[in-house]
Amino acid sequence: MKTDAKKRAAHAAVRSRIHGAVKKAVAAATTDIALREAQSVIDTAARKGIIHKNAAARKKSRLNASVNAAIAADSAAK
């Protein structure tokens, strides 16, 4: 296996982990643990150079907005 194929496969796994962590955080909007875990995964990917730091900041901002919207919707439903 060529080096770039190995790197692409490893990066795909990390991107998949980001996607899963974000979905879990939005689904469990009332718990802070899932949100912190998702932010940690995003920060780690940015630190390793898998995603750009601005892309990481954008993902975290959108994640926070989604979680806050989910909390607001949950509060309004009660």
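The structure under discussion appears in the preceding block.
Residues numbered from 1 in each chain as written. Predicted model: local features only at pLDDT ≥ 70, side-chain atom pairs only at ≥ 80, totals over all residues. Heavy atoms only, no water.

Novice: Looking at this structure, I do not really get the overall build of the protein. What am I missing?
Specialist: Of regular secondary structure, the protein possesses three helices and zero strands. Beginning at the N terminus, the succession of helices and strands in the protein can be written as α-α-α. Taking 2.2 N^0.38 as the reference for a compact globule, 78 residues should give roughly 12 Å; the C-alpha atoms of the protein span a radius of gyration of 15 Å, well beyond that estimate. Across its three principal axes, the protein shows a C-alpha extent of roughly 55 × 20 × 15 Å. (Helix = DSSP H or I, 4+ residues; strand = E, 2+ residues; numbered from the N terminus. Rg over C-alpha atoms; globule rule 2.2 N^0.38 Å.)

Novice: Explanation requested: the pattern of salt bridges in the structure shown.
Specialist: Two side chains with opposite charge may pair up if their charged atoms get near one another. Summed over the entire model, instances satisfying the criterion amount to three salt bridges. Close ionic contact of Asp43 with Lys60 constitutes a salt bridge, the shortest N to O distance being 2.9 Å. With Asp43 in helix 2 (residues 32–48) and Lys60 in helix 3 (residues 53–77), the pair connects residues that are 17 residues apart, well separated along the chain. We classify Lys60 as partly exposed; its relative accessible area is 23%. (Salt bridge = Lys/Arg side-chain N within 4 Å of Asp/Glu carboxyl O. Buried < 20%, exposed > 50% of the residue type's maximum accessible area, 1.4 Å probe, protein only.)

Novice: Explain the layout of surface pockets here, please?
Specialist: Any empty space left between atoms is shown by rolling a water-sized probe over those atoms. Its boundaries defined by the atoms lining it, the largest pocket holds a volume of some 160 Å³. Lining the largest pocket, in full, are Arg15, Ile18, His19, Val22, Val26, Ile42, Lys59, Arg62, Leu63 and Ser66. Elements with a contribution of two residues or more to the lining of the largest pocket: helix 1 (3–27) and helix 3. With five residues, helix 1 is the largest single contributor of residues to the lining of the largest pocket. For the lining of the largest pocket, the class distribution of residues is five nonpolar, two polar and three charged. (1 Å grid on protein atoms, 1.4 Å probe; cavity = no way out; pocket = protein on both sides within 12 Å on 5 of 7 lines; lining within 4 Å. Points joined across faces, edges and corners; volume = space filled by probe spheres on them. Nonpolar A, V, L, I, M, F, W, Y, C, P; charged D, E, K, R; others polar.)

Novice: Please explain a positive patch on the surface as it appears in this structure.
Specialist: Taken together, Arg15, Arg58, Lys59 and Arg62 make up a surface patch of like positive charges. Counting residues per element, the positive patch draws most heavily on helix 3, which supplies three residues. Here Arg15 shows up in helix 1. (Patch = residues over 30% accessible without salt bridge, like charges linked within 9 Å, V, L, I, M, F, W, Y side chains within 5 Å. Areas by Shrake-Rupley, 256 points an atom, 1.4 Å probe, with all protein chains shown as cover. Lys, Arg positive; Asp, Glu negative; His and termini not counted. Charge placed at Lys NZ, Arg CZ, Asp CG, Glu CD.)

Novice: Explain the packing of helix 1 against helix 2 to me, please; I cannot follow it from the model alone.
Specialist: Packed helices, taken two at a time, are described by the angle their axes make and the gap between the axes. The geometry of helix 1 relative to helix 2 is characterised by a closest axis approach of 8 Å and an angle of 160° between their N-to-C directions. Between helix 1 and helix 2, the interaxial angle falls into the category roughly antiparallel. The hand of the helix 1/helix 2 crossing is left-handed. On the side of helix 1, the interface is formed by Val14, Arg17, Ile18, Ala21, Val22, Lys24 and Ala25, while helix 2 contributes Ala34, Leu35, Glu37, Ala38, Val41, Ile42 and Ala45. Split into classes, the residues belonging to the contact of helix 1 with helix 2 amount to 11 nonpolar, no polar and three charged. (Axes fitted to C-alpha atoms, helices over the stretch in contact; angles between N-to-C directions. Parallel < 35°, antiparallel > 145°, perpendicular 65-115°, else oblique. Left-handed = near helix turned anticlockwise from the far one by under 90°. Contact = heavy atoms within 4.5 Å.)

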